[in-house]
Amino acid sequence: MTVRRAYADLPHGQVHYAECGDAGAPVVLLLHQTPRSWAEYRGVLPLLAARYRALAMDTAGFGNSDALPGPASIEAWAGAAAALLEALGVAQAHVVGHHTGGVIAIELAACHAQLVRSLVLSSTPYTDEAFRRARAERPPIDAVEVAEDGSHLAALWRKRQAFYPAGRSDLLHAFVADAMKVQGDVEAGHRAVASYRMEERIGAIRQPTLVIRAPDDPFASPHAADWLQRLPHARWVDIAGGMVPLPDQSPDAFARAVMEFLDTLP
């Protein structure tokens, strides 16, 4: 199944996206983690395309998408995602988000509810006051000081290595390549997540929801219980062995979990 790539002209600039599947099929919009790009879903897109029109966008300022004016924020990124759907003539989509992408998906579903048919929250943190306090006490996640000899690239690699599967240097290579393309501060996406007041949005979520947990992701795995408490209608599925790069680590299992959930919806 061919993955096609294109740009949409939005009020702030161009947004890059990839798509796969029949143009008349129901739409699934895929939102990536920081500091990745649509390529996080490279292996997932053709699998979803068997029954859906799968769209994976580069969040504004990531990959090949133009950055938004002003500071990075979840609200602004969700607005750009809504604008992309409208520009493509998509009246409603199933929205899948991983890590940062899941936080954007929550904002999209809360503030642009008419566009969101259902939610899949993969390794998504619940960003309340306790989360914000804890995050403020932790060191930067991906920030490294640029070195003349390029050793900062190895430092960035090592920062993530423990949270990626052994023997999958391809996944770390993809991560570093995307991190190098971020426009502006690579840490801005993490700060946007850390400052998002999700507790003020969660009450607006009415869409059918699936929570995907990667059990070996130490950052996000504990938040699955938060979601089941705050969204009692949500379902939960574990993907065994899942780590931080879940969608491109296990695209078959990820796509299967998404489609099995979507198949249950009326």
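Residues numbered from 1 in each chain as written. Predicted model: local features only at pLDDT ≥ 70, side-chain atom pairs only at ≥ 80, totals over all residues. Heavy atoms only, no water.

Peer 1: Is there a simple way to think about the environment of V27 in this case?
Peer 2: Its place among the elements puts V27 in strand 3 (residues 27-31). You can call V27 buried: its relative accessible area is 8%. With 145 residues separating them along the chain, V27 and L172 place their C-alpha atoms 29 Å apart. With residues near it in sequence (within four places) discarded, V27 still touches R53, L55, V90, Q92, A93 and H94. (Helix = DSSP H or I, 4+ residues; strand = E, 2+ residues; numbered from the N terminus. Buried < 20%, exposed > 50% of the residue type's maximum accessible area, 1.4 Å probe, protein only. Contact = heavy atoms within 4.5 Å.)

Peer 1: Explain the sheet that holds strand 3 here, please?
Peer 2: What links the strands of a sheet is backbone hydrogen bonding, and the strands pair in either a parallel or an antiparallel sense. The strand order across the open sheet formed by eight strands is 1-2-4-3-5-6-7-8, and the pairing between neighbours is mixed. In this open sheet, the two edge strands, each paired with only one partner strand, are strand 1 (4-10) and strand 8 (235-238). Each strand axis lies, on average, 25° off the axis of its neighbour in the sheet, ignoring direction. Relative to strand 4 (residues 53-57), strand 2 (residues 13-20) is paired through four bridges, and the arrangement is antiparallel. Looking across to strand 4, one finds that E19 is bridged to L55. Those strands touched by helix 2 (residues 74-87) are strand 1, strand 2, strand 3, strand 4 and strand 5 (93-98), and its axis lies near 105° from that of strand 1. Set on the sheet, helix 3 (residues 100-111) makes contact with strand 3, strand 5 and strand 6 (116-122); between it and strand 6 the angle comes to about 155°. (Pairing = 2+ DSSP bridges. Axes fitted to C-alpha atoms, helices over the stretch in contact; angles between N-to-C directions.)

Peer 1: How should I be thinking about the pairing of strand 4 in this particular structure?
Peer 2: Moving residue by residue along a regular strand, the side chains alternate between the two faces of the sheet. By the criterion of burial, strand 4 is predominantly enclosed, with five of the five residues buried. Of the two faces of strand 4, the one lined by R53, L55 and M57 and the one lined by A54 and A56 are each fully buried. The sheet contact formed by strand 3 and strand 4 spans four bridges and is parallel. Paired with V27 across the bridge in strand 4 is R53.

Peer 1: For this particular structure, what's the right way to read the nonpolar core?
Peer 2: Taken as a class, soluble globular proteins show a tendency for nonpolar side chains to be buried jointly. If you look at the biggest cluster of nonpolar residues, it comprises 57 residues, and the most contacted ones within it are L29, I106 and W227. Element by element, the count of residues in this core is highest for helix 2, at eight residues. Among residues more than four places away in sequence, those in contact with L29 are L55, M57, A81, L85, A93, H94, V95, V96 and L108. Residues V28, L30, A253 and L265 belong to the second largest nonpolar core, which totals 30 residues. (Core = buried A, V, L, I, M, F, W, Y, C linked by side-chain atoms within 4.5 Å.)

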